[in-house]
Amino acid sequence: MATVDLHTHTLRSDGLLRPDELVRDARAAGVRTLAITDHDTLAAIRDLTAPGSPPLPAGLEVIAGVEINAVGPGADVGAGEGELHILGYGVDPADDRFEATLVAQREGRRRRFDALVARMRDLGLPIDREVAALEPDDDDALGRPTIARCLVTAGHASSVEDAFDRLLSRGRPGYLPRVGLGPVEAIHAIRDAGGLASLAHFAEAPERLSLLLELQGHGLVGLEVHYRSYDDATIAKLAATAAELGLVATGGTDYHGDDGPYADRLAELRIPDAVGADLLDRIDDHQR
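It should be emphasised that the depicted structure is a prediction, and the values quoted were computed from it without experimental measurement.

What counts, and at which threshold
- Residues numbered from 1 in each chain as written.
- Predicted model: local features only at pLDDT ≥ 70, side-chain atom pairs only at ≥ 80, totals over all residues.
- Heavy atoms only, no water.
- 1 Å grid on protein atoms, 1.4 Å probe; cavity = no way out; pocket = protein on both sides within 12 Å on 5 of 7 lines; lining within 4 Å.
- Points joined across faces, edges and corners; volume = space filled by probe spheres on them.
- Nonpolar A, V, L, I, M, F, W, Y, C, P; charged D, E, K, R; others polar.
- Helix = DSSP H or I, 4+ residues; strand = E, 2+ residues; numbered from the N terminus.
- Core = buried A, V, L, I, M, F, W, Y, C linked by side-chain atoms within 4.5 Å.
- Buried < 20%, exposed > 50% of the residue type's maximum accessible area, 1.4 Å probe, protein only.
- Contact = heavy atoms within 4.5 Å.
- Expected span 1.5 Å × (residues − 1).
- Arc of directions from axis to C-beta.

Its boundaries defined by the atoms lining it, the largest pocket holds a volume of some 1000 Å³. Of the residues contributing to the lining of the largest pocket, the split by class is 11 nonpolar, 13 polar and 15 charged. In this structure, the second largest pocket is lined by 15 residues; those nearest its centre are Leu11, Ser13, Gly15, Leu134 and Thr146. At 4 residues, helix H5 (residues 144-153) tops the list of elements feeding residues into the lining of the second largest pocket. Residue classes in the lining of the second largest pocket are distributed as 6 nonpolar, 4 polar and 5 charged.

Shown next, in the form of structure tokens:
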């Protein structure tokens, strides 16, 4: 069983668990190094460290992280709908400039979210009642998985996967493009906040060395090698690419909660214990 998970989400963005529930489940499953990487918000880390909050479970190191869905210059930039997802590790939750950047990202998310709700209405698939019941905080980052869950609750989809397959993915009738930071801007913002930037779930990396080198030149430090859904051959190729470029290997479950208990998803993750220790060492070196 893996003891490291460097890619997880809570209900502060598009996950289902509260931050304390994710921490509890991760420690119970044997995790010793956990990064919470909600989209465009550090609210989960603030929840866990706020005055009066229960102490973190003994034996668990929690890394302050974030995932920024960066908009690429074109549809062929890489993974997923012309986006590159940049993970930031060890960022300072008290950095006002970084928080302002994340606020702008969340505002863009909210505009897209509201436009998606209107699009569902136009398609004859209203979810207004389900959305009204959400009552998100200002520092929550709304996303398409939340729309998908509302579609399921309203009876318009059989599952989150079904909602994405038929409605919300690129080329489907409910898709709307994202606006926001580009990958270089995201990397710079993470670095300026004291963090390390890693490229998430980018299986195309071995064939896109020129892109990786460009991003590395702007401060990219890591590459997500040990992603939960990757097979052994993909992991081996990505590990070789990371070693060739001198990028630190990261990895995680990308857990949201829609596909079962945390422990079940962790059981599918193949990641050496050393990956967590290596990342912590790099964070320490960077922040000295």
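Another aspect to go through is the nonpolar core. Within the largest apolar cluster, 33 residues are counted, with the highest numbers of intra-cluster contacts made by Leu6, Leu34, Ile36, Tyr89 and Tyr262. For this core, the secondary-structure elements that each account for two or more residues are helix H1 (19-28), strand S2 (33-36), helix H2 (43-49), strand S3 (61-71), strand S4 (83-89), helix H10 (262-266) and helix H11 (273-287). Once you skip the residues sitting within four places of it in the chain, tyrosine 89 turns out to touch Leu6, Ala35, Thr37, Ile63, Ala64, Gly195, Leu196, Ser198, Thr250, Leu279 and Ile283. Counting 32 residues, the second largest nonpolar core, distinct from the first, contains Ile68, Leu84, Leu211 and Val225.

Over its 14 residues, helix H9 (residues 232-245) runs 20 Å from end to end, which matches the ideal 20 Å to within 8%, given 1.5 Å per residue. For H9, every residue scored as buried is listed here: Ile235, Leu238, Thr241, Ala242 and Leu245. Down the axis of H9, the sector holding all buried residues measures 125 degrees, keeping them to one side. Seen from the buried face of H9, the exposed residues on the opposite side, beyond 90 degrees, are Asp232, Lys237, Ala243 and Glu244.

Under the defined criterion, the tally for this structure stands at 1 cavity of 30 Å³ or more. What lines the largest cavity is Asp40, Asn69, Gln105, Gly108, Arg109, Arg112, Arg178 and Val179. The greatest single-element share of the lining of the largest cavity, amounting to 4 residues, is contributed by helix H3 (residues 96-122). Residues of the lining of the largest cavity, tallied by class, amount to 1 nonpolar, 3 polar and 4 charged.

By themselves these figures say nothing about function.
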